Amino acid sequence: MNANGEKLQRSYNELVEYKIVLRKAGDFFPSAQHSATARQREMELNQMVEESIETPLLQEQATSTDLSKQVKLGFVTGLVSRGKSMAFERILFRATRGNVFLKQVPIEAPITDPVSGEKMEKNVFMVFYSGERVKNKILKICDAFGANRYPFAEDCGKQALMISEVSGKISELKSTIDAGLLHRDHLLRTIGDQFEQWNLKVKKEKSIHHTLNMLSLDVTKKCLVAEAWSPVFATKQIQDVLQRASVDSNSQVGAIFQVLHTRESPPTYFRTNKFTSAFQEIVDAYGVAKYQEANPGVYTIVTFPFLFAVMFGDWGHGICLLLATLFFIIREKKLSSQKLGDITEMTFGGRYVIMMMSLFSIYTGFIYNECFSVAFDLFAPSAYACRDLSCRDADSIGLIKVRDTYPFGVDPAWHGTRSELPFLNSLKMKMSILLGVAQMNLGILISYSNATFFGNSLNIWFQFIPQMIFLNSLFGYLSLLIIVKWCTGSQADLYHIMIYMFLSPTDELGDNQLFPYQKTVQLVLLLLALVSVPWMLLPKPFLLKKQHENRHQGQSYTQVQSTDDALSEANHDSHGHGHEEFEFSEVFVHQLIHTIEFVLGAVSNTASYLRLWALSLAHSQLSIVFYEKVLLLAWGYNNMVILVVGIIIFIFATVGVLLIMETLSAFLHALRLHWVEFQNKFYEGDGYKFYPFSFILIDDEDH
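Rules and cut-offs
Residues numbered from 1 in each chain as written. Predicted model: local features only at pLDDT ≥ 70, side-chain atom pairs only at ≥ 80, totals over all residues. Heavy atoms only, no water. Helix = DSSP H or I, 4+ residues; strand = E, 2+ residues; numbered from the N terminus. Buried < 20%, exposed > 50% of the residue type's maximum accessible area, 1.4 Å probe, protein only. Contact = heavy atoms within 4.5 Å. Areas by Shrake-Rupley, 256 points an atom, 1.4 Å probe, with all protein chains shown as cover. Salt bridge = Lys/Arg side-chain N within 4 Å of Asp/Glu carboxyl O. Phe/Tyr/Trp six-rings, centres within 6.5 Å; stacked < 30°, edge-to-face > 60°. Lys NZ or Arg CZ within 6 Å of the ring centre and 35° of its normal. Pairing = 2+ DSSP bridges. Axes fitted to C-alpha atoms, helices over the stretch in contact; angles between N-to-C directions. Expected span 1.5 Å × (residues − 1). Bend = angle between axes of the 7 residues up to and from the residue. UniProt positions renumbered as here; feature names shortened; annotations may be inferred. Parallel < 35°, antiparallel > 145°, perpendicular 65-115°, else oblique. Left-handed = near helix turned anticlockwise from the far one by under 90°. Nonpolar A, V, L, I, M, F, W, Y, C, P; charged D, E, K, R; others polar. pLDDT = per-residue confidence, 0-100. Disulfide = S-S within 2.5 Å.

## Details of the overall build of the protein
- When helices and strands are counted, the protein shows 22 helices and 10 strands.
- The burial tally for the protein puts 34% of its 703 residues in the buried class.
- Of the contacts made within the protein by residues no fewer than 6 positions apart, 76% connect residues no fewer than 24 positions apart.
- Only carbon and sulfur atoms are counted for the fraction: they give 61% of the accessible area of the protein, which is about 44,500 Å².

Here it is, written out as structure tokens:
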């Protein structure tokens, strides 16, 4: 239909050009004949005035000569682009040495070129010539310049007849083209209603054939054999579907479903919903869990938004973030079917993660007692009051405790005092260490559950136990000191205790003693930490070597087993060791690297959790700067214009810096804490995802 439409449109454009040529060139011949007649009369009058005796003889002779030498001129008519008309005229003149007569008439409105289909400004031309050689040159020049030639008759009667014929054809073509366009539009609308269903059906057909191509024929070449992974819970469902398919297709051979035992590692599949899928994606971005390995995504649902909230603690900002997220959650059905931009789609996909982050931020904001950096008496009046009138100055320290301790979070009286920053710095820094040590201990405990599940006793005795001892001998002890100092109100210097625990473990503690027999406890812990390093490094490689030698002892030549025996052995050998080469040096170097990484990582990872304190402090101070230096400063001018400008700047700064940039910064830091500090204690992440054959997935890809 498109090809026929293009042909009809080209014919229509040619006829339109032809009609213009007939009209413009038709005007040329009468005007030329009229001017020639006028000139002839003028010449006759001039000759009559200058009449003499010799004139009749000369005139008769001249007339007879002209009639004998009169030559019939040929002509070519057509259209040429107005931009090429000057070059066209110049080339014609040079090629024929001036032995042509060219007449050009411009067309007022642009017309559609039949060849290119573009609107162009053109001139109608007529070239008069004499001789066949000149004609051939003119035709070649016309072709070179893309000039469209059209036949033309000198007779006025024939011209009128041709114009009427062309006009009739134009009207017929116009009605034919319009009818074709209507028919094509109707056809496309009919197809458009069914196209999505057809497209999806074709995709399903192609996916079925693609899957069938992966199947293999059995020996009889009458059945197809497929080997695939399926979840254990879906076994009964698959059997029912295969049985129903056999009945529906009237198959003479029923489908046989049998579980195979293989040494290959199965793919990993976690059943998630719209809430948990985003948290699982955070874990999978680091690496897909090995089959039956402990999944950190379960813990991430709580720990990730909580660590984010520790850095983003402000319940005012948390409420703003929650309102923005609720917009995506409420309209999720509508937005899920739309094509969103990259950033919007990423935000929409993690809407439940952001919702949890905002809820935890509101919680930690209540603990920090910060709402856009302003403290409120939400749960009770402040426990402190001014000692005298001079205490009203925000920088004074003349506060006395007059009530019970503030029940939840930081007392609002701390905000704006000289001791606020040292107090909150100490609180947040110690809290960061406690949270970090707790999460790292959780990671090591999960490594114990992995080792227990896979039956790897070496990892329990020579990895889990020494790691727990080393970490808690140093940083677990530091966490205990922090809690004891908080409970007792002691002024002991924890930096001094930890540094001199290594440098001078036998020195007296003096004022830094927090509990009895502290020096003895520190010596024991230091000794345990030192012992745990060779405990991690040395025994495991030698025991692995011994296990390998025992497993393959006397297996140089063995009797060929039957198929059943081989299959049963393959089933028992779930780890698939086979007859691998055991390189002791590689195993030892690997264990050495792992030990060094854990020992150094215990220090660096604990220090890395101090980012919780740093980001929280930065967020709080930025909020104070925007509140005091923008909003309060604009309020102090008592000018409505300045106040409005200040409020606008405050809103844009809050949204742009604190709600977008700070959110992204805290998100990335929480991500790093989970990937590096938490997951490296237990998570191998060297598995691969389970991608089932599903028409639903094909439909989702289409959207």
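## Quick look at the environment of F462
- Secondary-structure assignment places F462 in helix 14 (residues 457–488).
- When the C-alpha atoms of F462 and P534 are compared, they prove to be 9.7 Å apart, with 72 residues separating the residues in sequence.
- If sequence neighbours within four positions are ignored, F462 has contacts with W535, M536, P539, K540 and L543.

## Focus: the side chain of N450
- Within the secondary structure, N450 is located in helix 13 (residues 420–453).
- Contact partners of N450, with chain neighbours within four places excluded, come to E293, A294 and F682.

## Quick word on the pattern of salt bridges
- Considering all chains together, one arrives at 15 salt bridges under this definition.
- Of the charged contacts in the structure, one is a salt bridge between E14 and R10, with a shortest N-O distance of 3.9 Å. With E14 and R10 both in helix 1 (residues 2–49) and 4 residues apart, the pair spans about one turn of that helix.
- We note a salt bridge from K689 to D284, for which the minimum N-O separation is 3.7 Å. Taken together, the residues span a long stretch of sequence, with K689 in the loop between helix 21 (640–678) and helix 22 (695–702) and D284 in helix 7 (residues 277–286) at a distance of 405 residues.
- D284 sits in the buried class, given a relative accessible area of 15%.
- Among the charged side chains, a network of salt bridges with common partners joins E17, D113 and K122.

## Brief notes about unusual backbone geometry
- Of note, N369 is a non-glycine position whose phi angle comes to about 55 degrees, a positive value.
- With respect to the helices and strands, N369 occurs in the loop between helix 12 (351–368) and strand 9 (384–386).
- For F372, which is not glycine, the phi dihedral falls at a positive 55 degrees.
- Note that F372 resides in the loop between helix 12 and strand 9.

## Points about the packing of aromatic side chains
- Tallying each qualifying case throughout the model produces 33 aromatic pairs.
- Ring centres of F304 and F667 lie 5.1 Å apart, and the angle between their planes is 75 degrees; on these two criteria the pair is classed as edge-to-face. Note that F304 is positioned in helix 8 (residues 297–311) and F667 in helix 21, a separation of 363 residues in sequence.
- On the basis of relative accessibility, which here comes to 0%, the residue F304 falls in the buried class.
- Directly above the aromatic system of Y368 lies the positively charged group of K428, at a separation of 4.3 Å from the ring centroid.

## Re the sheet that holds strand 2 (residues 101–106)
- The strand order across the open sheet built from 4 strands is 2-5-1-6, with neighbouring strands paired in antiparallel fashion. Unpaired on one side and paired on the other, strand 2 and strand 6 (148–150) mark the two borders of the sheet. Adjacent strand axes in the sheet meet at a mean angle of 25 degrees when their direction is disregarded.
- Sheet topology places strand 2 next to strand 5 (residues 122–129); 6 bridges connect them, and they run antiparallel. Bridge pairing links L102 to V127 in strand 5.

## Some details on helix 8
- Between the first and last C-alpha of helix 8 there are 21 Å, a value that for 15 residues agrees with the 21 Å anticipated at 1.5 Å per step.
- A maximum bend of about 30 degrees is found in helix 8 at T303, where proline P305 lies one to four positions downstream.
- Counting buried residues in helix 8 gives 11 out of 15 residues, a clear majority hidden from the surface.
- Considered for burial, the residues of helix 8 that qualify are G297, T300, I301, T303, F304, P305, L307, F308, A309, V310 and M311.
- Packed against the buried residues of helix 8 are helix 7, helix 9 (315–330), helix 12, helix 13, helix 20 (611–635) and helix 21.

## Focus on the UniProt feature "transmembrane region" (unreviewed entry) in the protein
- As annotated in UniProt, the feature "transmembrane region" (unreviewed entry) corresponds to residues 306–330, 351–368, 431–448, 460–484, 520–538 and 641–661 in the numbering used here.
- The span residues 351–368 is 100% helix and 0% strand, and its two end C-alpha atoms sit 25 Å from each other.
- For residues 520–538, helix accounts for 95% and strand for 0%, while the C-alpha atoms at its two ends are 28 Å apart.

## Thoughts on the pairing of strand 5
- With 8 of 8 residues buried, strand 5 lies mostly within the body of the structure.
- Side chains of strand 5 alternate between two faces, with K122, V124, M126 and F128 and N123, F125, V127 and Y129 buried alike.
- Alignment of strand 1 (residues 74–81) against strand 5, held across 8 bridges, turns out to be antiparallel. Following the sheet pairing, L79 is matched in strand 5 by V124.

## Remarks on the packing of helix 17 (residues 539–551) against helix 19 (residues 584–608)
- Where helix 17 meets helix 19, the closest approach of the two axes is 9 Å, and the angle between their N-to-C directions is 150 degrees. Relative to helix 19, the element helix 17 is oriented roughly antiparallel. The interaxial crossing formed by helix 17 with helix 19 has right-handed handedness. Contact residues: K540, P541, F542, L544 and K545 in helix 17; F584, V587, F588 and Q591 in helix 19.
- Residue composition of the contact of helix 17 with helix 19, grouped by class: 6 nonpolar, 1 polar and 2 charged.

## Points about helix 3 (residues 85–96)
- Under the 1.5 Å per step criterion, the end-to-end length of helix 3 is 17 Å for 12 residues, consistent within 8% with the ideal 16 Å.
- For helix 3, the secondary structure elements touched by its buried residues are strand 1, strand 2, strand 5 and helix 4 (132–144).
- Phi turns positive one or two residues past the end of helix 3, at R97, with a value near 60 degrees.

## Observations regarding the confidence of the model for the protein
- With 90% of its residues at a pLDDT of 70 or more, the protein has an overall mean of 85.
- Of the regions scoring below 50 in pLDDT, residues 52–68 engages in 2 contacts with residues more than four places distant in sequence or in other chains.
- Within the model, pLDDT remains below 50 along residues 561–579, and this stretch shows 13 contacts once partners closer than five positions in the same chain are excluded.

## Some remarks on the environment of L494
- Mapped onto the secondary structure, L494 falls in helix 15 (residues 494–503).
- By relative accessible area, L494 is classed as buried at 10%.
- Residues L494 and L481 lie 13 residues apart in sequence; the distance between their C-alpha atoms is 7.4 Å.
- Apart from the residues lying within four places of it in its own chain, the contact partners of L494 are K430, L481, I482, K485 and L514.

## Brief notes about the state of the cysteines
- Taken as a whole and judged by the stated rule, the model has 0 disulfides.
- Left unpaired, C371 is separated from the closest cysteine sulfur, that of C320, by 8.1 Å.
- By relative accessible area, which is 10% here, C371 ends up buried.

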